[in-house]
Amino acid sequence: MNPQSATTPPDTLSNQRLGPRSLEAFARAQAVFPDGTSRVTIERDPSPRYVSHGEGAYLVDLDGRRFLDLNANFTTLIHGHAFLPVVEALERQLRSGACFANPTEPEIALASLICERVPHLDRIRFVNTGSEAVMFAIKAARAFTGRSAVAKIEGAFHGAYDCVEVSQASTPADWGDPDSPASTAYYRGAPVSLLEEVVVLRFNDAEGATRRLSERAKDLAAIILDPMPSRAGLIAPEPAFLEAVRETASARGILVISDEVLNFRQGYRGAAHRYGLVPDLFALGKIIGGGLPIGAVGGRAEVMAVFDAAAGRPPVPQGGTFSANPLSMVAGLAAMRALDAPAFARLDRMGDALRAALNAAIATHDAPFCVTGAASLFRIHPKRKVPRDFREAYCDARESKVVKDICRHFAEHGMLLPASAMACLSTPMGMTEIALIADVFDRYLATRRDSYAGLKP
C-alpha cells in the first residue's frame, strides 16, 4: 500500500441517510442559491451531503461520517485530499502573494513539464477551467482555418461552451437517425443557428465519421474528441475510428482537438498518446492544477501562434484575471511532479485489478452488468453487453433506478460512488481499498438481486 494511504477502512454499514448537520446546511443554502446549490453537478439524494474535510482517499462529512471518495471532485484529485507536497507549495506561495498582474516563474515550470511530456504539444496557455480550455481551443481552430463549424461526439461532455453542449444530453426521443445524429439543444433558448454549426458523430462509427466530416468539410474548423468520453459511457475508442477521424480531418484541413480535461489522468503522456491519436490542439484541466482551478489549451506551435500578441492584437486574444495565477501553478507543479511514470503505472495496475474483480463478481452472480474504463477510471453499466457508443450506454428509467440503488448501497457501506457509477482511483489508495470496493459491489450483487432483477437479459 502507498505510504500515504489511509489504513482504516470506511465504517461498515454506515448510515447512508444524511445527518442533521448536512440537512441544516442545505436548509440555509436554499435561502441563497436557486436550488440550494451553486453548481448543477452537486449530487443529492434527495439532499446533498456536506463535507467537513478530506484525508487522503477519504472524506469526512459534517456529521463525522467517513467515506472512501471515488469521485475526487470529478476525477480532479488524483493524489486525494490534502496532498502534502501541494499543501506545502501553497503555504509558501501564499506568504509571497496570491496573484499578480505580472507573470511568475512557476507558470514556466508547469508549462515546461507538460510540453516535455506530451507529444505534439509544443506551446501552451493557461486558463481557469476546462470549459475555458475547450472554448479557446475551438476559437484557435476557427482562427487558424477560417471556418466556424465544429464536429463533436454524441453524448460527450466538453464543458459549458455553447457549441460543445450540443447533443450532450440527447435522448431516444430526439437523437435522430443512427446514421445522421440530430443536433439537439442542451438548454432552453439555445439559438437554432448554433445547432446548424455543430456536426454530431457517433463514437466508434468510423464510416459515419468519414462521411459526415467529408460532407461538411468546407465549414468545419475542428472536431473535438475526448479519447474516452466519460459522460458518454467511458468507452474505449476503436483504432479504426480514431484512424478514420485523423485521416479524414488531415485530408480535409480540419483540426483535431483532444479534450483531455478529464482523461489526461490516463497516462504519463496523456490519453491521446495512449490511444495513438495525433491532435493539433489539446484542452487540459483537472489534475494539472493539483486541486486548484485550472485549464490549459496547447498544441502545435503553428496553430498556437494565433494567440501571439507580440506584434499587437492577435487573431485570438486570450486572457483572464486569474489565468496562470501562482497558486494554481505551484499546486499543479507539485502534483504533476509527483505523478511520475511509476505513479501512473501503479494506478494502471490498481485499475486493472479493480475492473477484473468487478467483472469476476458479475460473472459469479451471472448479473446483468458490465464494466468499462481504463487506467484509474471505471464505470459500472446496468447492461450485459459492453456498449460501443453513447446510444448503447444510455440508461432508460429502469436502468437509471438500478444505478441509483448501486450508489446508495455504496454509501451505506462507506463509499461515495458518483451518481453515474463512473468513478476514479487516487494515489493514496492501495490494494486494501481495491478489495473493499470489489467486496461492496459483490455484496450488492449477492444481496440486492431483487433491485436489478428486471433488467434486460
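Residues numbered from 1 in each chain as written. Predicted model: local features only at pLDDT ≥ 70, side-chain atom pairs only at ≥ 80, totals over all residues. Heavy atoms only, no water.

Bringing empty space enclosed by the protein into the picture now. This structure, assessed with the given rule, holds one cavity of 30 Å³ or more. When its volume is computed, the largest cavity comes out at roughly 30 Å³. Pro-178, Asp-179, Pro-181, Val-200, Leu-201, Arg-202, Asp-205, Gly-208, Ala-209 and Arg-212 are the residues that line the largest cavity. Ranked by the residues each element gives to the lining of the largest cavity, the list is headed by helix H8 (residues 206-215), at three residues. In terms of residue class, the lining of the largest cavity is made up of five nonpolar, one polar and four charged. (1 Å grid on protein atoms, 1.4 Å probe; cavity = no way out; pocket = protein on both sides within 12 Å on 5 of 7 lines; lining within 4 Å. Points joined across faces, edges and corners; volume = space filled by probe spheres on them. Helix = DSSP H or I, 4+ residues; strand = E, 2+ residues; numbered from the N terminus. Nonpolar A, V, L, I, M, F, W, Y, C, P; charged D, E, K, R; others polar.)

It is worth spelling out unusual backbone geometry at this point. At the junction of Asp-45 and Pro-46, the peptide bond is cis and its omega measures out at 0° in the coordinates. Its place among the elements puts Pro-46 in the loop between helix H1 (20-29) and strand S1 (51-55). Within the chain, Asn-73 stands out as a residue other than glycine whose phi angle is a positive 50°. Here Asn-73 shows up in helix H2 (residues 72-75). A positive phi angle is found at Ala-421, which is not glycine, with a value near 65°. You can see Ala-421 is positioned in the loop between strand S15 (415-416) and strand S16 (422-424). For Ala-421, a relative accessible area of 0% gives the class buried. (Buried < 20%, exposed > 50% of the residue type's maximum accessible area, 1.4 Å probe, protein only.)

Turning to the packing of helix H15 (residues 397-412) against helix H16 (residues 431-447), a few remarks are in order. H16 packs onto H15 with a crossing angle of 125° between their chain directions and a minimal axis gap of 10 Å. Judged on the interaxial angle alone, H16 and H15 are oblique. Taken as a pair, H15 and H16 cross one another with a handedness that is right-handed. Here H15 contributes Val-402, Asp-405, Ile-406, His-409 and Phe-410 to the contact with H16, which in turn contributes Ile-437, Val-440, Phe-441, Arg-443, Tyr-444 and Thr-447. (Axes fitted to C-alpha atoms, helices over the stretch in contact; angles between N-to-C directions. Parallel < 35°, antiparallel > 145°, perpendicular 65-115°, else oblique. Left-handed = near helix turned anticlockwise from the far one by under 90°. Contact = heavy atoms within 4.5 Å.)

Further remarks concern the environment of Glu-196. Inspection of the secondary structure assignment puts Glu-196 in helix H7 (residues 192-196). Once the C-alpha coordinates of Glu-196 and Arg-212 are considered, the two residues, 16 residues apart in sequence, prove to be 13 Å apart.

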